[in-house]
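Geometric and topological summary
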Amino acid sequence: MSKDKMRHVCGISGGKDSAALAIYLKEKGAIPDVEYFFSDTGCELPETYDFIDRLEAYLGKKITRIGGEAPFKHHLFMMGNMLPSPKQRWCTVKMKIEPFEKFVGTDNVTSYIAIRADEHREGYISTKSNITPAFPFIHDDIVRKDVFQILEDTVGIPEYYKWRSRSGCYFCFFQRHEEWIGLFDNHPDLFQKAVEMEKIDPDTGEGFSWIQGMSLKQLLERREEIIELASKRRKGEDNRSWQEILLEEGDSDDSGCLICSL
Ligand code: SF4
């Protein structure tokens, strides 16, 4: 790539906002040579892979899959079986940021980021001087309801939003307790894989678990309580569809993982 030429890249996380941005950029047609990419950890939900395929078909343009040179289990082994956590987010570095920076290399790049005009959070912004972030949704005053409209008019809303509030790895430690229950109900095989990655000493209770102070097996024992709490958080029984709940409830409060879930 010529050093003078600016590349335009748009990362797709599998979440609603980045998908809507990709569609928005396509419809605007202002950046014909935009490169779409997806950092594939190899640990995404099946619904995410389906959604990426659907989006790719709609865009009529390849979404380059990056990353995945080494499976998560390899990284986990290298980390001495220490599961990633909000304080030890080696997964994001190894499986998202490093593949992105390798994809970009030393080229001059404008990276389009799907932060909306109604948000007060920052996405991952590289510290590399050859990467310039751009925020079309902020610039064009695109808010949450616009994102939903874009998706409903085109590829639809990813199916996992029925039971989960974000994209990302099936074992993501940012998920709420009720979302772990959702993983168990929707993908018991993946839940079991996550269980097997926990290493807890039965005598001391010390070790590595996805949720601080609680193993996934213990979480399942509290299933009814967790579901009831989640229902109360949603202000009790109501007749809203999952799409309406998703539209009306705020974004997840874990602003720490936007490279994975925008
Ligand atoms: S989605 Fe969660 S588990 Fe996966 S890389 Fe991001 S922070 Fe780590």
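One can find the structure itself at the top, above this paragraph.
Residues numbered from 1 in each chain as written. Predicted model: local features only at pLDDT ≥ 70, side-chain atom pairs only at ≥ 80, totals over all residues. Heavy atoms only, no water.

1. Regarding the nonpolar core
Formed by 60 residues in total, the largest nonpolar core has its most connected members in Tyr36, Phe72, Leu151, Tyr170, Phe171, Trp180 and Trp210. Setting aside chain neighbours within four positions, we find Phe171 in contact with Cys43, Phe72, Trp180, Ala194, Met197 and Trp210. If you look at the next biggest cluster of nonpolar residues, it comprises eight residues, including Phe37, Ile66, Val109 and Ile131. (Core = buried A, V, L, I, M, F, W, Y, C linked by side-chain atoms within 4.5 Å. Buried < 20%, exposed > 50% of the residue type's maximum accessible area, 1.4 Å probe, protein only. Contact = heavy atoms within 4.5 Å.)

2. Quick notes on the sheet that holds strand 5 (residues 131-134)
One open sheet holds the five strands; their spatial order is 3-2-1-4-5, and the pairing between them is parallel. Strands at the two margins of the open sheet, each flanked by one partner only, are strand 3 (63-66) and strand 5. Across the sheet, the mean angle separating the axes of adjacent strands is 35° when strand polarity is ignored. Here strand 4 (residues 108-112) pairs with strand 5 via four bridges, running parallel. Paired with Thr110 across the strands is Thr132, a residue of strand 5. The sheet contacts of helix 1 (residues 16-28) involve strand 1 (6-12), strand 2 (35-39) and strand 4, and relative to strand 1 the element is tilted by about 140°. On top of the sheet, helix 4 (residues 90-104) reaches strand 1, strand 2, strand 3, strand 4 and strand 5; it is set at about 150° to strand 2, its chief contact. (Pairing = 2+ DSSP bridges. Helix = DSSP H or I, 4+ residues; strand = E, 2+ residues; numbered from the N terminus. Axes fitted to C-alpha atoms, helices over the stretch in contact; angles between N-to-C directions.)

3. Focus: the packing of aromatic side chains
A complete count under the given rule lists 14 aromatic pairs for this structure. Here the aromatic rings of Phe37 and Phe103 are separated by 5.1 Å at their centres, their planes lie at 45°, and the arrangement is tilted. Taken as a pair, Phe37 in strand 2 and Phe103 in helix 4 lie far apart in primary sequence, 66 residues in all. Among the residues examined, Phe37 registers a relative accessible area of 6% and is labelled buried. Ring pairs connect the aromatic residues Phe72, Trp90, Tyr170, Phe171, Trp180, Phe184, Phe191 and Trp210, which therefore count as one cluster. The side chain of Arg7 reaches across the aromatic face of Phe103, ending 4.9 Å from its centre. The positively charged end of Lys26 is found above the aromatic ring belonging to Tyr58, 5.7 Å away from the centroid. (Phe/Tyr/Trp six-rings, centres within 6.5 Å; stacked < 30°, edge-to-face > 60°. Lys NZ or Arg CZ within 6 Å of the ring centre and 35° of its normal.)

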